[in-house]
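# Remarks on the overall topology
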Amino acid sequence: MATKLRDSNADLRELKLVITEVLATALADALSELGIAVASSEIHLERPAHREHGDWSSNVALVMSKQAGRKPRDLAVDLVKVLESMPAEQIQTLEVAGPGFVNFYLSNQWLHDVLTEVVSRGESAYARSEIGNGQSINLEFVSANPTGPLHAGGGRWGAYGDSLARIFRRCGYETFTEYYVNDRGLQTELFGASLLARRNDAELPEGGYAGEYVVEWASEMPDDADPVTWGCERALADVQESLASMNVAFDHWASEKALVKSGAMETAIEALRAGGWVDDRDGATWLRTSTFGDEKDRVLVKSDGEPTYFVPDIAYHKQKFGRGNLVIDVLGADHHGYVPRMSAALQMLGHEASSYEAIIGQNVTLVRDGKEIKLSKRTGTMVEVRELIEAVGPDVARFAYLLQSIDTRQTIDIDVLSSQANENPVYYVQYAYARIASVGREANKRGVTRNPLSEIDPTLLTHERELELLRALSTLPDTIEIAARDRAPHKISTWIRELAAVFHGFYHDCPVLRSDVESDLQQARLWLVESARIGFSIGLDRSPLIFYPTLPKLVHEASCSSEGSLSTTSPQSMGRLCLFTMKTIFGRVVEKP
């Protein structure tokens with residue numbers, strides 16, 4: 001009789017915890033047999049970087065060797081011998097590697113449990129972590145001056161920050177995002193004066209803004225408008241449009257002008273002075289940031305009575321702690337010197353050094369026809385994000401920004417992103433997603449329905465392509481937690497690309513609906529396709545790699561639903577969806593499905 005999967009309504013535990021607890025307990029028992037006492041909770045397990053090193057690995061022999069008075073590798077060898085004499089159904093084979101690591105190769109049973117875990121928990125619950133429960137994060141990113149279009153680097157920080165916020169929320173952190181609008185000061189005054197000069201066909205002020213966008217916007221400015229206020233609003237609207245097109249949103253847009261008007265600067269200085277951190281010397285007001293590791297003390301108020309830019313920044317960060325216990329800034333590449341002085345000021349205000357983080361993002365180089373794009377026509381001074389968005393589409397632009405770590409300089413080749421080839425990572429992922437949709441479409445066409453989860457036999461999934469797909473899905477919970485811990489959304493993008501690769505292999509070697517596929521195996525593979533869809537859906541939302549707002553919903557409708565019906569979308573609609581997916585993901589949408 002076929003082995004059945006446990007009921008999907010069962011109270012399931014996170015599979016990662018089940019496996020690691022089993023392995024840690026086995027190691028603790030084996031150590032006990034060798035006369036070494038250690039609690040299973042103290043034994044560390046991790047996934048090896050390379051599949052050939054097993055499914056899980058432990059360094060416990062290296063950690064306990066000194067206490068045991070033995071060489072790590074000798075202790076590991078004896079551990080494996082004891083473990084092999086105490087067989088566990090989850091463990092297939094063991095090996096000793098390197099200086100004393102114990103590597104575990106697990107049986108197929110735990111992978112079949114992965115299938116249960118994924119489809120039973122679904123998009124809303126699978127790979128959802130609780131590591132951030134009870135903690136709140138305030139995340140500020142982009143915050144470009146409202147004096148022109150957003151540059152290409154700003155687009156990268158927007159994609160990064162929004163994705164990081166989604167990852168934090170998936171891990172249980174209460175997350176609040178914001179954009180700080182520097183709507184006062186010399187640069188906004190120069191920008192307003194430049195708009196006025198262009199509108200009146202007058203000479204630009206010294207140091208003014210000379211891009212074509214200034215001429216364009218000046219022609220829109222009403223005669224009775226205040227050029228500074230109107231200019232900031234117009235620039236901010238342009239930035240918001242670019243970011244919104246990439247699905248980047250903020251919970252709060254903070255105005256520097258409003259902050260200053262509220263008296264927050266004076267309140268911050270008073271608090272710093274009350275703490276004994278402020279000195280008056282040489283006619284100026286100084287903050288002793290060097291006490292906390294800054295290279296020198298910083299001026300708060302100049303000798304002419306004008307506050308430096310540092311004062312509103314301190315006041316703003318002071319307010320942000322009311323919106324999060326951990327404050328994180330995503331800053332541009334030229335802000336390294338800013339971090340120690342801000343950290344010092346916040347510690348003076350009573351915050352722990354660990355409650356403030358700054359992530360320094362590196363800039364982006366765009367390449368077309370093998371040549372670097374040095375300037376955008378509209379700006380004349382820098383490359384704006386629209387250069388990329390208009391070339392490949394906002395969705396693909398976002399994906400491209402998330403392909404590598406934010407702290408490395410990035411080069412984006414527009415020609416590669418515009419090609420329909422496997423070298424294009426966006427195409428590769430979208431093609432996998434389209435193939436999932438095609439299974440649902442074809443099943444609907446043939447009248448094939450999917451049986452309840454509890455009635456399928458997962459042990460039929462023994463092909464290496466099937467197992468690799470389940471292995472990839474099993475790593476998603478860890479990947480999301482690591483991405484949150486390391487502030488690294490690109491790890492999710494890498495996982496999605498890996499999932500796409502193993503799904504392509506499965507699709508090629510493991511037919512689902514072909515006439516010679518046994519019915520029971522077909523049912524198991526249909527559920528495996530559904531588990532892949534769930535994995536993609538979670539990963540795409542976290543990055544998010546959502547290329548078109550309705551695409552995940554349509555693909556979900558087209559693939560297997562938990563109710564057993566394989567499609568609520570007509571074959572004609574699915575045909576248009578796949579055509580849309582393959583032909584328009586690289587540029588502006590020309591035909592909605």
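Residues numbered from 1 in each chain as written. Predicted model: local features only at pLDDT ≥ 70, side-chain atom pairs only at ≥ 80, totals over all residues. Heavy atoms only, no water.

Attention shifts here to the overall build of the protein chain. Along the backbone of the protein chain there are 22 helices and 15 strands. If you sum the accessible surface of the protein chain, you get close to 25,800 Å²; carbon and sulfur atoms cover 48% of it. (Helix = DSSP H or I, 4+ residues; strand = E, 2+ residues; numbered from the N terminus. Areas by Shrake-Rupley, 256 points an atom, 1.4 Å probe, with all protein chains shown as cover.)

Of all the five residues making up strand β5 (residues 136-140), five are buried; the element is thus mostly covered by neighbouring parts of the structure. Neither face of β5 is open: one carries Ser136, Asn138 and Glu140, the other Ile137 and Leu139, and all of them are buried. In this structure, β5 lies alongside strand β6 (residues 174-181), joined through five bridges in parallel fashion. By the bridge assignment for β6, Leu139 is matched with Thr177. Read from β5 through helix α5 (residues 152-170) to β6, the crossover connection turns out right-handed. Relative to strand β11 (residues 326-331), β5 runs parallel, the two sharing four bridges. When the bridges of β11 are listed, Glu140 appears paired with Asp329. (Buried < 20%, exposed > 50% of the residue type's maximum accessible area, 1.4 Å probe, protein only. Pairing = 2+ DSSP bridges. Right-handed = clockwise from strand over helix to strand, strands pointing away.)

To continue, consider the environment of Asp55. Note that Asp55 resides in the loop between β1 (45-46) and β2 (56-58). Along the sequence, Asp55 and Phe104 sit 49 residues apart, while their C-alpha atoms lie 5.8 Å from each other. Apart from the residues within four sequence positions on either side, Asp55 is in contact with Arg47, Pro48, Phe104, Tyr105, Leu106, Trp110 and Arg471. Only 3.5 Å separates the side chain of Asp55 from the side chain of Arg51, close enough to count as a polar contact. (Contact = heavy atoms within 4.5 Å. Polar contact = N/O pair within 3.5 Å; in protein donor to acceptor, adjacent residues only side chain to side chain.)

One non-glycine residue, Val142, lies in the positive phi region at around 70°. Position of Val142 relative to the elements: it lies in the loop between β5 and α5. The backbone of Asp282 sits at a positive phi, close to 55°, despite the residue not being glycine. Structurally, Asp282 is set in the loop between β8 (278-281) and β9 (284-287).

Turning our attention to the sheet that holds strand β7 (residues 252-255). Sheet architecture is open: five strands sit in the order β7-β6-β5-β11-β12, paired in parallel fashion. Only two strands of the sheet have a single neighbouring strand rather than two, namely β7 and β12 (356-360). In this sheet, adjacent strand axes meet at a mean angle of 25° when their direction is disregarded. Across the sheet, helix α11 (residues 310-320) touches β5, β6, β7, β11 and β12, and the angle it forms with β6 is around 160°. Lying on the sheet, helix α12 (residues 338-348) is in contact with β11 and β12; it crosses β12 at an angle near 170°. (Axes fitted to C-alpha atoms, helices over the stretch in contact; angles between N-to-C directions.)

So, about the packing of aromatic side chains. Summed over all chains, the structure comprises 15 aromatic pairs. For the pair Phe250 and Trp253, a centre-to-centre distance of 5.0 Å together with 65° between the ring planes defines the contact as edge-to-face. On the basis of relative accessible area, Phe250 is assigned to the buried category, the value being 12%. Within the aromatic cluster, the residues linked to one another by ring pairs are Phe141, Tyr179, Phe250 and Trp253. Just above the ring of Trp286 sits the side chain of Arg281; from NZ or CZ to the centre is 4.5 Å. Over the aromatic face of Trp527 sits the side chain of Arg450, whose NZ or CZ is 3.8 Å from the ring centroid. (Phe/Tyr/Trp six-rings, centres within 6.5 Å; stacked < 30°, edge-to-face > 60°. Lys NZ or Arg CZ within 6 Å of the ring centre and 35° of its normal.)

Core analysis: the largest hydrophobic core is formed by 125 residues, its most contacted members being Phe104, Tyr179, Leu243, Leu388, Tyr401 and Phe536. With eleven residues, the top contributor of residues to this core is helix α20 (residues 519-542). Other than its neighbours up to four places away in sequence, Tyr401 contacts Ala152, Gly155, Arg156, Ala159, Met246, Val364, Val385, Leu388, Gln410 and Ile412. In terms of nonpolar packing, the next biggest core, distinct from the first, is built from 27 residues, Ala254, Ala268, Leu331 and Leu346 among them. (Core = buried A, V, L, I, M, F, W, Y, C linked by side-chain atoms within 4.5 Å.)

Right, let's talk about the side chain of Arg341 for a bit. As for its placement among the helices and strands, Arg341 is situated in helix α12. Asp294 provides the closest opposite charge to the buried, salt-bridge-free Arg341, at an N-O distance of 4.6 Å. A distance of 3.0 Å separates the side chain of Arg341 from the backbone oxygen of Gly337, its partner in a polar contact. Setting aside residues no more than four positions away along its own chain, Arg341 makes contact with Thr289, Asp294, Arg298, Tyr309 and Phe310. (Lys, Arg positive; Asp, Glu negative; His and termini not counted. Salt bridge = Lys/Arg side-chain N within 4 Å of Asp/Glu carboxyl O.)

As a further point, take the sheet that holds β1. Two orientations exist for strands paired in a sheet by backbone hydrogen bonds: parallel and antiparallel. Pairing in this open sheet of four strands is antiparallel, and the strands run β1-β2-β4-β3 from one edge to the other. Looking at the sheet topology across the chains shown, the edges are occupied by β1 and β3 (91-97). For β1 and β2, the ladder comprises two bridges, and the chain directions are antiparallel. Note on β2: the bridge partner recorded for Leu45 is Ser58. Contacting β3 and β4 (101-106), helix α3 (residues 72-85) crosses the sheet at an angle of about 165° to β3.

This part covers the packing of α5 against helix α18 (residues 476-485). One way to put it is that α5 packs onto α18 with a least axis distance of 9 Å and a crossing angle of 120°. The angle between α5 and α18 falls in the class oblique. Taken as a pair, α5 and α18 cross one another with a handedness that is left-handed. Packed against α5, whose contacting residues are Leu164, Ile167, Phe168 and Arg170, the element α18 presents Ile480, Ala483 and Ala484 at the interface. (Parallel < 35°, antiparallel > 145°, perpendicular 65-115°, else oblique. Left-handed = near helix turned anticlockwise from the far one by under 90°.)

Take the pattern of salt bridges next. Pairing of side chains with opposite charge becomes possible as their charged atoms draw close. Applying the stated rule across the entire model yields 37 salt bridges. Members of the salt-bridge network, linked through shared partners, are Arg51, Asp55, Glu464, Glu468 and Arg471.

Once that is clear, we can look at helix α13 (residues 385-392). All of the buried residues in α13 are Val385, Arg386, Leu388, Ile389 and Val392. Axial view of α13: buried residues confined to an arc of 160°, hence all on one face. For α13, the elements touching its buried residues are α5, α8 (227-245), β13 (364-368), α14 (394-401), β15 (410-413) and α15 (414-417). Gly393, located one to two residues past α13, shows a positive phi value of around 100°. (Arc of directions from axis to C-beta.)

When the terminal C-alpha atoms of helix α16 (residues 425-446) are compared, their 32 Å separation across 22 residues agrees well with the 32 Å that a helix rising 1.5 Å per residue should span. Taking the backbone nitrogen of Val426 as reference, a side-chain oxygen 3.0 Å away marks Asn424 as the first, capping residue of α16. Gly447 lies just past α16 and shows a positive phi near 75°. (Expected span 1.5 Å × (residues − 1).)

As far as function goes, none of this settles anything; it's purely spatial.
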